[in-house]
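# Structural features, examined
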Amino acid sequence: MPETTPLIKAALNLRAGAGFDVYDLLECLEYVSEHNEYDLINMSFGVVSGYECEQIERLKFLCNKIKNQGTIIVAAYDNTGAISYPAYFESVIGVDSSPKVNKRYEYEFVMNSCVNIRGYGKNQKVAWVKPDYTIIEGNSFSCANISNAVSYTHLTLPTNREV
């Protein structure tokens, strides 16, 4: 049987209802930093205060390392407006939602703020488990829309080296 990566283990834990844990996230990011094969990471979630500084500092170190390896990291802020990690880190594109943004492909840059960009996080029909679809909103969905825009603009257009 092939080795199960930390990425697969974390996804299976979430699917089984085991929930999200900062230690799972750290293990996933360790794996990513060691294998350095990802162009973009979307984290439609965040860790809010309540964890010891040691875990937050480790999370910051790994995000910096991954960014320095050339991977773009996009992460959602907490829906309640709390500072959340890794979105708060300078090495990460931190995403929030905006009532001014009315379409999935629209966004607004934020100046002089820990939030970098705001996107469409209003009601959206998404695939679900039971029922098959649901209507939901939040920064996680705004983050996915922004990641889509980032992947298109930064990963599909030719670079200067390719022109």
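As shown above, the structure is provided for reference.
Residues numbered from 1 in each chain as written. Predicted model: local features only at pLDDT ≥ 70, side-chain atom pairs only at ≥ 80, totals over all residues. Heavy atoms only, no water.

Here we take up the pattern of salt bridges. Taken as a whole and assessed by the stated rule, the structure comprises three salt bridges. For the salt bridge of Asp96 with Arg118, the shortest nitrogen-to-oxygen distance reads 3.8 Å. You can see Asp96 sitting in strand S5 (residues 93–97) and its partner Arg118 sitting in strand S7 (residues 117–119), a full 22 residues away along the chain. The class for Arg118 is partly exposed, based on a relative accessible area of 25%. Here Arg118 ties to Glu108 by a salt bridge, and the two come within 3.6 Å at their closest N and O atoms. Highlighted residues: Arg118 in strand S7 and Glu108 in strand S6 (residues 107–109), separated in sequence by 10 residues. Through salt bridges with shared partners, a single ionic network connects Asp96, Glu108 and Arg118. (Salt bridge = Lys/Arg side-chain N within 4 Å of Asp/Glu carboxyl O. Helix = DSSP H or I, 4+ residues; strand = E, 2+ residues; numbered from the N terminus. Buried < 20%, exposed > 50% of the residue type's maximum accessible area, 1.4 Å probe, protein only.)

The sheet built from five strands is open, its strands ordered S1-S3-S5-S7-S6 with mixed pairing. Every interior strand has two partners, whereas the edge strands, strand S1 (40–43) and S6, have only one. Strand-to-strand twist across the sheet, computed as the mean angle between neighbouring axes with direction ignored, equals 25 degrees. As defined by bridge partners, S5 adjoins S7 across three bridges and the pair is classed as parallel. (Pairing = 2+ DSSP bridges. Axes fitted to C-alpha atoms, helices over the stretch in contact; angles between N-to-C directions.)

Under the criterion given, the structure shown has three aromatic pairs. Between Tyr85 and Tyr88, the aromatic rings sit 5.8 Å apart at their centres with planes inclined by 80 degrees, giving edge-to-face as the arrangement. When its relative accessible area of 41% is taken as the criterion, Tyr88 is described as partly exposed. Considering the side-chain rings of Tyr107 and Phe109, the 5.5 Å spacing of their centres and the 80 degrees angle between planes classify their relative orientation as edge-to-face. By the ring-pair criterion, three or more aromatic residues cluster together here, those being Tyr85, Tyr88 and Phe89. Across from the ring centre of Tyr133, 5.0 Å away, lies the NZ or CZ of Lys125, which sits over that ring. (Phe/Tyr/Trp six-rings, centres within 6.5 Å; stacked < 30°, edge-to-face > 60°. Lys NZ or Arg CZ within 6 Å of the ring centre and 35° of its normal.)

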